[in-house]
Amino acid sequence: MASRVCETKISLISLITEDKQWFLSHHGLEARETPKEYAFCAHAINTPNEPFIIEDARKDRRFHDNPLTAGPPDVIFYAGIPLVSSSGYPLGTLCAIDDRPKKLSDNQIAELKKLAKLCVELFEKRKNEFKNNALLAELNDKNELLKETQDIHQIGNWELDIHSNQVKWSDQVYEIHEVDIALDINKLTGINFYHPDYRDKISRAIENCILNGQPFDMECLLITAKRNQKWVRATGRKVNQKLVGSFQDITEIKSSNYKQKLILEGTNVGTWEWNVQTGETIYNDRWAEIVGYTLEELAPISIERWIELVHPDDLEESEKRLNACIEGKSEFYELEARMKHKDGYWVWVYDRGKVLEWTEDGKPLWMYGTHQDISGRKRAEEEIKRTNLLLEAAQQIAKMGAWEIDTVTNATFWTEEVYKIHEVDSDFDHNMTNAIDFFHPDYRPILTEAISNSILNQIPFDVKCKFITAKNDLRWVRSSGYPILKEGKVVKLIGMFRDITEEEDAKEAIIREQAFSKQLLENMADGFSVVDTYGKQIGVNKALLEMTGFSEEELIGQTAPYPYWPAEEMDKIGVAFRQALAGVKNSFELILQKKNGQRFPALVSLGILKDENGKPISYFANIKDISYFKEAEMAIIQSKEQYQSLVQNIPGITYRCKNDKDWTNLYISNQVDSITGYHAEELIGNAKISYGMLIHPDDQEKVAEVVSTGLANNNSWEMEYRIQHKDGFYRWAYEKGTGVKNKQGEIIYLDGFVLDITDRKKDEEEIKSLLIITREQNNRLKNFAHIVSHNLRSHSSGIYGLLELLHFEKPEFADFEIIKLLKSGTESLKKTVEDLTEIVKVNLNMEELQEIQLVDIICKNINSMSSQISIEKIKIINEVSEKVKVKGVAAYIDSIVLNMITNAIKYKSESRDATLRIFCEEEYSFVHLYFQDNGLGIDLKKHGDKLFGLYKTFHNHHDSRGLGLFMTKNQVESIGGKISVESEVNIGTTFKITFKK
């Protein structure tokens, strides 16, 4: 009929369910259902009060690519009238469909609405028929259920004629009494079945009911005809001249009530019973215990006790919900409320109850319920709420939000911070297309490819892009996403969206400062070296290179001892570094060596660069060649050997004194006058003043200790201290001395010399001032190595490009030997720069350590190399648990695992089936990760000392470069780990990598 009205080929009556469209009636279409996602009717019911008409679906963006439009049944025209139930719920539609565009007249639409209304009326009529039939069936079922219930629950009924005292029992009552149904029963014989203790009680209840019409409900003990004792419940009420009632065997119920009591005690809940009519209230011990009382302390017990203890703010809601339950508006009474504990604090309880007994006139009689202490759960909920608030605050502070893409529906979700970054209102209608449009045109392909690749290959992505907000502000953002899988397919992408404009601006500022830092370093006269917290040298200046003769490539990336540090000086260096870590500013002398082996003395001053929290981030050393000073010192030593003839001419004091407490001078040279202003005669025999009294008060204790320690250890000493001139000022003195023993081995004299080193000390002060400047330069050295590697790569690429251009312009030159050598050398240089760049990245790109799940990275690498693993026929056994987590940098651990797997593949043995077992062991705060293969193995006696060296290879493999193990060791150590190896030739190799937990 709808087809005739609308002059269409198809008409349908459809019902819409959660996932499908069903056709209750159809004309011109054989199908009985379609998926809801393709259904036009699913759109029609969204506006239940209006017709939904599509005159040409091919021109409608919602349906132009719909399979029902693009293919059979070719839905081009659609007109649907929602079928709305009497309760206002849209059920489906009455619709007309055609394969050609069409426009309905107002009259046709009106007729279609009438037909739709008729359909709804037919639905309602059919629904009422179903409902009436169901009610009839339900009534029959209830009658049958009543009979079965009486049998199951052992309930019978009885009747007593007040005038004749004759009694009528149902079959169930006879069965409870265990008597034959033919037995003649009257009032007296019925009462005699009760236990003697209960006969008077039941007699009085019956008489009271007869005389006063008072109903009764009693639980009594019964003795059956077979002398069995049973608990029964007898009820009765007066109806005209008869008493009628029920009679139930409750023996099992009595037993179950005891069990119920045990269950309540086991679940640790309080119970309450409340007579709604009288206010009588019964609590169990646990109810009182929850609020810190005993039942005796709560007496007299009534509903008023609950009102006194409940929080005033919760009382109104409690009364509201109680009334709803009592009035039958809700089945249960439920409330989470606070009750005041005896100790004054508030306890949270979950209060739940139900009216289970009613009066004869339908009023609520008894209500039963429980109290459960939920204070712990409430505290946990508050903690979760507080955590969520902190998370929201953290996102605002970090300018970071979260997003989600449903890959099935293309629906998108943004958190509040994402709207803020886009500078749009929170009601902005976003989708995949307009979200990507916010990105700078140069970066849209990058983001689109990253999302597509994540969905296709089921991998995460992390990109930095330029971004244009709704207010046309240019910003930098970082967008990262992670695929969510369901049944092996990506169903969602979730990710993070962060405004990193300030960070990127800061990086640009750092790059500008680097140029200034480099210029400053290159103009320093002293050598300068920067070392990271793992001991790797990350920066040197031109002066140090000239001083030592090494190239920058030979020093950068080296760990202690550095090439210009002799091994015998390491103990002294270690002490100096520990002092620097303790905050002691110090300078010390070292013997350094040049590349040609020549050694020279140097004065080294150490410093520490710390972050804002006082944590060291790098160390630096200012190195000054003091060969000149040392030569002067050597001249002094040589002069001492000529003491007898030259003693009065040397630029210092020579002396001999007694080994007593005052160091009484026996001899002192005339040079004492130029240093102290006192003549030698004034000091010999301590005639006017002792030499010890001239020592600065702050240095006297140290001098005494040095002399005492020197005599005790090796009978000599040397030290520096301040000495007072006769005119009151102080000069710096250097003293070296030794003890002179008698024949008995006793030290009786002290011989030595004292030099005026005031000028040298002034030089040291100058060095200290230079150190302050050096510290300021240190923070500009962080990217020094990056600049150098970048420039080398640029120049090597330029040379390589020129050779390619020469080959293009003059191809005949390609056969010249010198051109071949030049090209080969350029390619080697380019490769070396690439290798060094990778090493620099390991040494410099240190990130904050994060908690990382090892098995994810291992599985990712196994999956990504599955093709090569299959070709090489190597079996990989991964025994690492999902629970194992380590501290590290994800990129480094990924590279470490990749190198270990590729090594096992490269150096597998062709004489047996190749296997690689990956497993781990946990020990205290460390995780040991093992890669155990059965490959070619390594001769550790021959190669062990250079196993992790740069460009060291141990097998003839076409792809061996000698870079992998070097980088792996650097990466492991840069995150605080260790790597070791056990190997046997032709047996296999086991690498052990230790990570922090």
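Heads up: these notes are all about the structure in this document. Treat the numbers as computed from the prediction; the structure is a model and nothing was measured. (Residues numbered from 1 in each chain as written. Predicted model: local features only at pLDDT ≥ 70, side-chain atom pairs only at ≥ 80, totals over all residues. Heavy atoms only, no water.)

With respect to the overall build of the protein
Within the protein, the secondary structure is distributed over 33 helices and 38 strands. A total of 997 residues make up the protein; the buried ones form 40% of that total. Sequence separation of at least 24 residues holds for 51% of the intrachain contacts in the protein that already meet a minimum separation of 6. (Helix = DSSP H or I, 4+ residues; strand = E, 2+ residues; numbered from the N terminus. Buried < 20%, exposed > 50% of the residue type's maximum accessible area, 1.4 Å probe, protein only. Contact = heavy atoms within 4.5 Å.)

Concerning helix H16 (residues 444-457)
Given a rise of 1.5 Å per residue, 14 residues ought to cover 20 Å, and the 20 Å separating the end C-alpha atoms of H16 matches this to within 8%. What H16 keeps buried is the set Leu447, Ala450, Ile451 and Ser454. The buried residues of H16 occupy an angular sector of 95° when projected down its axis, which confines them to one face. Facing away from the buried surface of H16 by more than 90 degrees, the exposed residues are Pro445, Glu449 and Leu456. Looking at the buried side of H16, the elements it contacts are helix H15 (432-436), strand S19 (461-468), strand S20 (474-486) and strand S21 (489-499). Gln458, located one to two residues past H16, shows a positive phi value of around 60°. (Expected span 1.5 Å × (residues − 1). Arc of directions from axis to C-beta.)

Quick notes on the layout of surface pockets
In this structure, the largest pocket spans a volume of roughly 1,600 Å³. Around the largest pocket sit 34 residues that line it, and Pro460, Phe461, Asp462, Tyr482 and Ala890 are the ones nearest its centre. Elements with a contribution of two residues or more to the lining of the largest pocket: S19, S20, helix H17 (501-522), strand S32 (850-853), helix H29 (854-864) and helix H31 (890-906). Here the lining of the largest pocket is composed, by residue class, of 15 nonpolar, 7 polar and 12 charged. (1 Å grid on protein atoms, 1.4 Å probe; cavity = no way out; pocket = protein on both sides within 12 Å on 5 of 7 lines; lining within 4 Å. Points joined across faces, edges and corners; volume = space filled by probe spheres on them. Nonpolar A, V, L, I, M, F, W, Y, C, P; charged D, E, K, R; others polar.)

Here we look at the pattern of salt bridges
Taken as a whole and assessed by the stated rule, the structure comprises 54 salt bridges. Residues Glu129 and Arg126 are paired through a salt bridge, measuring 3.1 Å at the closest nitrogen-oxygen approach. Pair noted here: Glu129 and Arg126 are both in helix H4 (residues 106-152), with a separation of 3 residues, about one helical turn. Its salt-bridge partner being Glu289, residue Arg286 comes within 2.9 Å of it at the nearest N-O pair. Linking Arg286 with Glu289, this pair stays in helix H9 (residues 285-290), spanning 3 residues, or about one helical turn. Via salt bridges that share partners, Glu336, Arg377, Lys378 and Glu381 belong to a single interconnected network. (Salt bridge = Lys/Arg side-chain N within 4 Å of Asp/Glu carboxyl O.)

Side note on helix H25 (residues 697-713)
Here H25 is 17 residues long and its end C-alpha atoms lie 25 Å apart, about the 24 Å a rise of 1.5 Å per residue gives. For H25, the set of buried residues is Asp699, Val703, Val707, Gly710 and Leu711. Here the buried residues of H25 occupy an arc of 100° about the axis, which is enough to place them on one side. Exposed residues pointing more than 90 degrees away from the buried face of H25 are listed as Asp698, Glu701, Glu705, Ala712 and Asn713. The elements touched by buried residues of H25 are strand S29 (716-724), strand S30 (730-741) and strand S31 (747-756). Once H25 finishes, Asn715 follows within two positions and takes phi at roughly 65°, a positive value.

Overview of the nonpolar core
Membership of the largest hydrophobic core comes to 40 residues, with the highest contact counts inside it found for Val880, Ile893 and Leu929. Looking at this core, the elements that each hand over two or more residues are H29, strand S33 (874-878), H31, strand S35 (914-923), strand S36 (926-933), helix H33 (964-974), strand S37 (978-984) and strand S38 (988-996). At 8 residues, the largest contribution of residues to this core is made by H31. Formed by 28 residues, the second largest nonpolar core is a distinct cluster that contains Ile162, Val167, Met218 and Leu243. (Core = buried A, V, L, I, M, F, W, Y, C linked by side-chain atoms within 4.5 Å.)

Structural notes on the packing of aromatic side chains
One pass over the structure, following the stated rule, counts 25 aromatic pairs. Ring plane angle 55° and centroid distance 6.2 Å describe the contact between Tyr734 and Phe753, whose orientation is recorded as tilted. Note that Tyr734 is positioned in strand S30 and Phe753 in strand S31, a separation of 19 residues in sequence. Given the relative accessible area of 9%, Tyr734 is considered buried. An aromatic cluster of at least three residues, connected via ring pairs, comprises Trp414, Tyr419, Phe428, Phe438, Phe439, Phe467 and Phe497. Arg352 extends its terminal NZ or CZ atom over the ring of Phe332, reaching a point 3.9 Å from the ring centre. (Phe/Tyr/Trp six-rings, centres within 6.5 Å; stacked < 30°, edge-to-face > 60°. Lys NZ or Arg CZ within 6 Å of the ring centre and 35° of its normal.)

Thoughts on the side chain of Thr501
With respect to the helices and strands, Thr501 occurs in helix H17. Residue Thr501 is classed as buried on the basis of its relative accessible area of 17%. Separated by 2.6 Å, the side chains of Thr501 and Asp499 make a polar contact. Among residues more than four places away in sequence, those in contact with Thr501 are Arg475 and Trp476. (Polar contact = N/O pair within 3.5 Å; in protein donor to acceptor, adjacent residues only side chain to side chain.)

Digging into the packing of H29 against H31
Angle between the axes and distance between the axes are the two parameters that describe a pair of packed helices. At their nearest, the axes of H29 and H31 sit 10 Å apart, and the two run at 50° to each other. Here H29 is positioned oblique relative to H31, judged by the angle of their axes. Note on packing geometry: the crossing formed by H29 with H31 is right-handed. Along the contact surface, H29 presents Leu854, Ile857, Ile858, Lys860, Asn861 and Ile862, while H31 presents Ala890, Ile893, Asp894, Val897, Leu898 and Ile901. (Axes fitted to C-alpha atoms, helices over the stretch in contact; angles between N-to-C directions. Parallel < 35°, antiparallel > 145°, perpendicular 65-115°, else oblique. Left-handed = near helix turned anticlockwise from the far one by under 90°.)

A short note on the side chain of Asp249
Looking at the secondary structure, you find Asp249 in strand S11 (residues 242-249). The buried category is assigned to Asp249, whose relative accessible area is 10%.

Brief notes about the pairing of strand S17 (residues 400-406)
Only one face of S17 is buried, namely the one carrying Gly401, Trp403 and Ile405, since none of Met400, Ala402, Glu404 and Asp406 on the opposite face is buried. When S17 meets strand S18 (residues 412-414), the two strands line up antiparallel, connected through 3 bridges. Paired with Ile405 across the strands is Thr412, a residue of S18. Where S17 folds back on S18, the antiparallel hairpin that results is connected by 5 residues, among which Asn410 adopts a positive phi of roughly 65°. (Pairing = 2+ DSSP bridges.)

Thoughts on the packing of H31 against H33
The geometry of H31 relative to H33 is characterised by a closest axis approach of 10 Å and an angle of 145° between their N-to-C directions. Of the two possible hands of crossing, H31 and H33 adopt the one that is left-handed. Here Tyr892, Ser895, Ile896, Asn899, Met900 and Asn903 of H31 come into contact with H33, specifically with Gly964, Leu965, Thr968, Gln971, Val972 and Ser974. Here the contact of H31 with H33 is built from residues that sort into 5 nonpolar, 7 polar and no charged.

Here we look at the sheet that holds strand S13 (residues 281-283)
Taken in spatial order, the 5 strands make up an open sheet running S13-S12-S16-S15-S14, and their pairing is antiparallel. With partners counted over all chains shown, the strands left at the sheet margins are S13 and strand S14 (333-340), one partner each. Ignoring strand direction, the axes of neighbouring strands in this sheet form an average angle of 25°. Summarising the sheet, strand S12 (residues 270-275) and S13 pair through 3 bridges and their orientation is antiparallel. Its bridge partner lying in S13, Trp272 is registered against Tyr283. Taken strand by strand, helix H12 (residues 312-326) contacts S12, S14, strand S15 (346-358) and strand S16 (364-373), and its axis lies near 155° from that of S14.

Considering the environment of Glu984
One can find Glu984 in strand S37. For the pair Glu984 and Asn934, spaced 50 residues apart in sequence, the C-alpha separation works out to 9.5 Å. If sequence neighbours within four positions are ignored, Glu984 has contacts with Leu936, Gly937 and Ile938.

A closer look at the sheet that holds strand S6 (residues 90-98)
Reading across the sheet, the 6 strands line up as S3-S2-S1-S6-S5-S4 and stay open at both edges, with antiparallel pairing between neighbours. For this open sheet the edge positions go to strand S3 (33-35) and strand S4 (52-54), each flanked by a neighbour on one side alone. Averaged over neighbouring strand pairs, the angle between their axes works out to 25° when direction is ignored. By the bridge criterion, 3 bridges tie S4 to strand S5 (residues 77-84) in an arrangement that is antiparallel.

A look at the environment of Ala890
Note on placement: Ala890 falls in helix H31. For the pair Ala890 and Gln853, spaced 37 residues apart in the sequence, the C-alpha separation amounts to 9.3 Å.

Section: unusual backbone geometry
With an omega dihedral of 5°, the bond running from Pro72 to Pro73 counts as a cis peptide bond. Among the structural elements, Pro73 can be located in the loop between helix H3 (67-70) and S5. Omega for the peptide link from Ala299 to Pro300 comes to -5°, which places this bond in the cis form. The topology assignment puts Pro300 in the loop between helix H10 (295-298) and helix H11 (303-309). Backbone geometry places Glu423, a non-glycine residue, at a positive phi of 60°.

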